Amino acid sequence: MLGKDTDEKKSLSIEPKEFHPLILRKDGSFCVYLPEWKVSGVGSTLEEAYRNFDQNYKAVEARAAKFGLPALTPEPYPILKRAAVLQELSLFFFKIASSAFIVILLVVLLLPNIAAAIRHNLKEMLPKEIIPIELKDPKYWALEFPSQMNAQLDRLEPKEEEKMRNEWSELLGRTVPIVSPMNSQPKEELKHSRQD
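Every chain's residues receive numbers from 1 upward, in the order its sequence appears when written. Note on the predicted model: pLDDT of at least 70 is required for a residue's local features to be given, and 80 or more for side-chain atom pairs to be given and counted; whole-chain, interface and lining totals, by contrast, use all residues. No hydrogens and no water enter the side-chain calculation; it runs on all heavy atoms of the structure.

Section: the nonpolar core
Alright, step 1. Among the nonpolar cores identified, the biggest contains 11 residues, and these are Phe 19, Phe 30, Val 32, Leu 34, Trp 37, Val 39, Leu 46, Ala 49, Tyr 50, Phe 53 and Tyr 57.
Alright, step 2. Where helices and strands are cited, they refer to DSSP runs of H or I of at least four residues and of E of at least two residues respectively, numbered from the N terminus. Elements that contribute at least two residues to this core include exactly strand E2 (29-34) and helix H2 (46-67).
Alright, step 3. For this core, the element with the highest residue contribution is H2, accounting for 5 residues.
Alright, step 4. Every residue pair with non-hydrogen atoms within 4.5 Å of one another is taken to be in contact. Other than its neighbours up to four places away in sequence, Val 39 contacts Val 32, Tyr 33, Leu 34, Phe 53, Asn 56, Tyr 57 and Val 60. The criterion is simple. A nonpolar core is a set of buried Ala, Val, Leu, Ile, Met, Phe, Trp, Tyr and Cys residues joined through side-chain atoms within 4.5 Å. Relative accessibility thresholds used throughout: buried, under 20% of the residue-type maximum; exposed, over 50%; partly exposed, between the two (1.4 Å probe, protein chains only).

What follows is the structure in structure tokens.
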């Protein structure tokens, strides 16, 4: 095949590292094609197809040298690579955008649950009411408070009961003179004292 004749190999004009021709087979014939130079060679055997390809390739090189035609770069791969990089970057940014959209959608859908969880946690973290709800109810003061106080007073020992009477009588003795002059003064005196 191709590698049998070393003299023929030396006479070939294409460098093996520069380009890589494609070998196609169809209906018992071969075609050697170099897409970078758009050069091809056809033959019934692979050797004949390659010889035709080499002749055509030499003819293209000769015309390029004679007329000063621009030569192609040895490998057009960087152009193809740039397109692949742009494709990869566009795919990467699409993935980021779709991930961000999904996260935003999940947050919007779960917003009521998140708000309820925050309210529940805040309710537990905040201190309980200073005045319990039962103390705001008038029934508590009218019915339950006196019964609780009487139950506490029934448990007092005689010494504690005596001490409580003394404390309350002292407290009343101090507060009655302060409160009673205001009630016993005539209304006119109260008006004059307020104006001063």
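This is not the end of the story, as more comes after the structure.
What about helix H5 (residues 138-154)?
Alright, step 1. Expected span of a helix: the number of residues minus one, times 1.5 Å. In a regular helix each residue adds 1.5 Å, so 17 residues correspond to 24 Å; H5 covers 24 Å between its end C-alpha atoms and thus fits that length.
Alright, step 2. In H5, a bend of some 40 degrees at Glu 144 exceeds every other bend along the element, and Pro 146, a proline, comes one to four places later. Values of bend correspond, residue by residue, to the angle between axes fitted over the seven residues ending at that residue and the seven starting there.

Topic: the packing of aromatic side chains
Any two aromatic rings considered together are summarised by their centre-to-centre distance and by the angle between their planes.
Alright, step 1. Centre distance within 6.5 Å is the pairing criterion for rings of Phe, Tyr and Trp, where only the six-membered ring of Trp is used; planes under 30 degrees apart are then read as stacked, over 60 as edge-to-face, and the remainder as tilted. In this structure the tally under the stated criterion is 6 aromatic pairs.
Alright, step 2. A centroid spacing of 6.4 Å and a plane angle of 50 degrees characterise the contact between Tyr 140 and Phe 145, whose relative ring orientation is tilted.
Alright, step 3. Judged by centre distance (4.9 Å) and plane angle (50 degrees), the rings of Trp 141 and Phe 145 are tilted. One end of the pair is Trp 141 and the other is Phe 145, both in helix H5 and 4 residues apart, which spans about a single turn.
Alright, step 4. Judged by relative accessible area, Trp 141 falls into the partly exposed class, the value being 44%.
Alright, step 5. These aromatic residues form a ring-pair network of at least three members: Tyr 50, Phe 53 and Tyr 57.

Let's talk about the pattern of salt bridges
Oppositely charged side chains can form a pair if their charged atoms are brought close together.
Alright, step 1. Whenever a carboxyl oxygen of Asp or Glu lies within 4 Å of a side-chain nitrogen of Lys or Arg, that contact is scored as a salt bridge. Scanning the entire structure with this criterion turns up 3 salt bridges.
Alright, step 2. Between Asp 54 and Lys 58 there is a salt bridge; the shortest N-O distance is 3.5 Å. Highlighted residues: Asp 54 and Lys 58, both in helix H2, separated by 4 residues, approximately one helical turn.

As for the pairing of E2
Two faces, one strand: in a regular strand the side chains alternate between the faces of the sheet.
Alright, step 1. The pairing of strand E1 (residues 22-26) with E2 spans 5 bridges and is classified as antiparallel. The residue of E2 that forms the bridge with Ile 23 is Val 32.
Alright, step 2. Here, a strand pair is defined by DSSP locating no fewer than two bridges between the strands. Linkage of E1 to E2, two consecutive antiparallel strands, is achieved through a turn of 2 residues, within which Asp 27 is found at a positive phi near 55 degrees.
Alright, step 3. In terms of strand pairing, E2 meets strand E3 (residues 39-43) through 5 bridges, oriented antiparallel. Each residue of the ladder has a partner; that of Leu 34, found in E3, is Val 39.

What about the sheet that holds E2?
Alright, step 1. Strand order across the open sheet formed by 3 strands is E1-E2-E3, with antiparallel pairing between neighbours. Only two strands of the sheet have a single partner each, and these edge strands are E1 and E3. Ignoring strand direction, the axes of neighbouring strands in this sheet form an average angle of 20 degrees. In this analysis, axes come from line fits to C-alpha atoms, helices being fitted only over the stretch in contact, and the angle between any two N-to-C directions falls in the range 0 to 180 degrees.

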